[in-house]
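# What the coordinates show
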Amino acid sequence: MPETDQLKPETNILSSSLLVGLFNQITDDKTLVVLDMGLASAASVNFFGQTKCRLQFTGLIEPEIEKYNDQELTHDERVALFKQELKPQADTKIDIVLFWDIFCYLSAPAITALLEALTPNLHARTKAHSIGLLNARQKMLYSEYGVNAIDQLWQQPISSNQPRIYPHSRHDFGRLLSYFTIDRSCLLSGNRVENLLIINA
């Protein structure tokens, strides 16, 4: 697993070896559909504004994310809750999903429900990016993320209360993905790893 450059605090820019793998399907005549699980960042808006793109921010990564982990919810209720937030259109097929670190704040049942809610809008060439903990016992940096360039992540520390972290081992995470599989991974600073995800054949 190769290691990327360390975080540069003065610019909040983090080198990424995997982002480029998301964008090799971009063509001049295709409108890219991108789903970003975070808040709208200026970096991502500026980056995707240079392409033919439909960009949707869900804002799911926030303190209120804990509601999806409610143990009283049934699986179907969790799926319905995610669909209510995502508001997917039946005829929309997503090309890129930017999960960022959302899986760190979701329990195993919540991850399963989120992916089930998304599945009808995925296609065989959908790709995704996620950031997770390298060591599940260590602390996760609480940050907002965006795409600064084809090989650069943008990161901004968040000062509000961090949601509860749900550690998942690499083995468990791979099993939970179900619809996706980890194609490649690279180490990041701060006990993190970035993953390029592709659809399970």
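Residues numbered from 1 in each chain as written. Predicted model: local features only at pLDDT ≥ 70, side-chain atom pairs only at ≥ 80, totals over all residues. Heavy atoms only, no water.

## Considering the nonpolar core
So the rule is basically this: In this text, buried Ala, Val, Leu, Ile, Met, Phe, Trp, Tyr and Cys residues form a nonpolar core when linked through side-chain atoms within 4.5 Å. Residue exposure (1.4 Å probe, protein chains only): buried if accessible area is under 20% of the type maximum, exposed if over 50%, otherwise partly exposed. In this text, helices come from DSSP runs of H or I with a minimum length of four residues, and strands from runs of E with a minimum of two, each type numbered from the N-terminal end.
Counting residues in hydrophobic clusters, the biggest one holds 56 residues, and the most contacted among them are Met37, Phe99, Ile102, Phe103 and Leu114. Per-element accounting of this core gives the leading share, 7 residues, to helix H3 (residues 108-118).

## A closer look at the sheet that holds strand E7 (residues 152-157)
By definition, the strands of a sheet pair up through backbone hydrogen bonds, in either a parallel or an antiparallel sense. Counted only if it meets this: Strand pairing is defined by DSSP finding a minimum of two bridges between the two strands. Every axis in this analysis is a line fitted to C-alpha atoms, fitted for helices over the stretch in contact. Angles between the N-to-C directions lie between 0 and 180 degrees.
The 3 strands are arranged E1-E7-E6 in an open sheet whose pairing can be described as antiparallel. In this open sheet, the two edge strands, each paired with only one partner strand, are strand E1 (13-15) and strand E6 (143-149). On average, each strand axis in the sheet is tilted by 35° relative to the strand beside it, whichever way the strands run. Pairing geometry for E6 and E7, over 6 bridges, is antiparallel. Bridging from a neighbouring strand, Ser143 pairs with Pro157 of E7.

## Concerning unusual backbone geometry
Even without being a glycine, Trp100 presents a positive backbone phi close to 50°. With respect to the helices, strands and loops of the structure, Trp100 is situated in strand E4 (residues 94-100). The buried category is assigned to Trp100, whose relative accessible area is 1%. One non-glycine residue, Ser178, lies in the positive phi region at around 50°.

## Thoughts on H3
To be explicit about the condition: Residue contacts are counted whenever heavy atoms from the two residues lie within 4.5 Å of one another.
Inspection of H3 places Ala110, Ile111, Ala113, Leu114, Leu115, Ala117 and Leu118 among the buried residues, and these make up the whole buried set. Tucked inside the fold, the buried residues of H3 contact strand E2 (32-36), helix H2 (75-86), E4, strand E5 (122-133), helix H4 (170-177) and strand E8 (180-188).

## Observations regarding the packing of aromatic side chains
Operational definition: Ring pairs are drawn from Phe, Tyr and Trp, using the six-membered ring of Trp, whenever the two centres fall within 6.5 Å, and their geometry is named by plane angle: stacked under 30 degrees, edge-to-face over 60, tilted for the rest.
Counted according to the given criterion, the structure contains 9 aromatic pairs. Considering the side-chain rings of Phe99 and Phe180, the 5.9 Å spacing of their centres and the 90° angle between planes classify their relative orientation as edge-to-face. Here Phe99, found in strand E4, pairs with Phe180, found in strand E8; they are 81 residues apart in sequence, far enough to count as distant. Overall, Phe180 belongs to the buried group, its relative accessible area being 1%.

## Focus: the confidence of the model for the chain
Which entries qualify depends on this criterion: Per residue, pLDDT captures the predictor's confidence, and it can take any value from 0 to 100.
Summary statistics for the chain give a mean pLDDT of 89 and a share of 93% for residues scoring 70 or more. With pLDDT under 50 throughout, residues 1-10 is counted as low confidence; its partners more than four residues away or in other chains account for 26 contacts.

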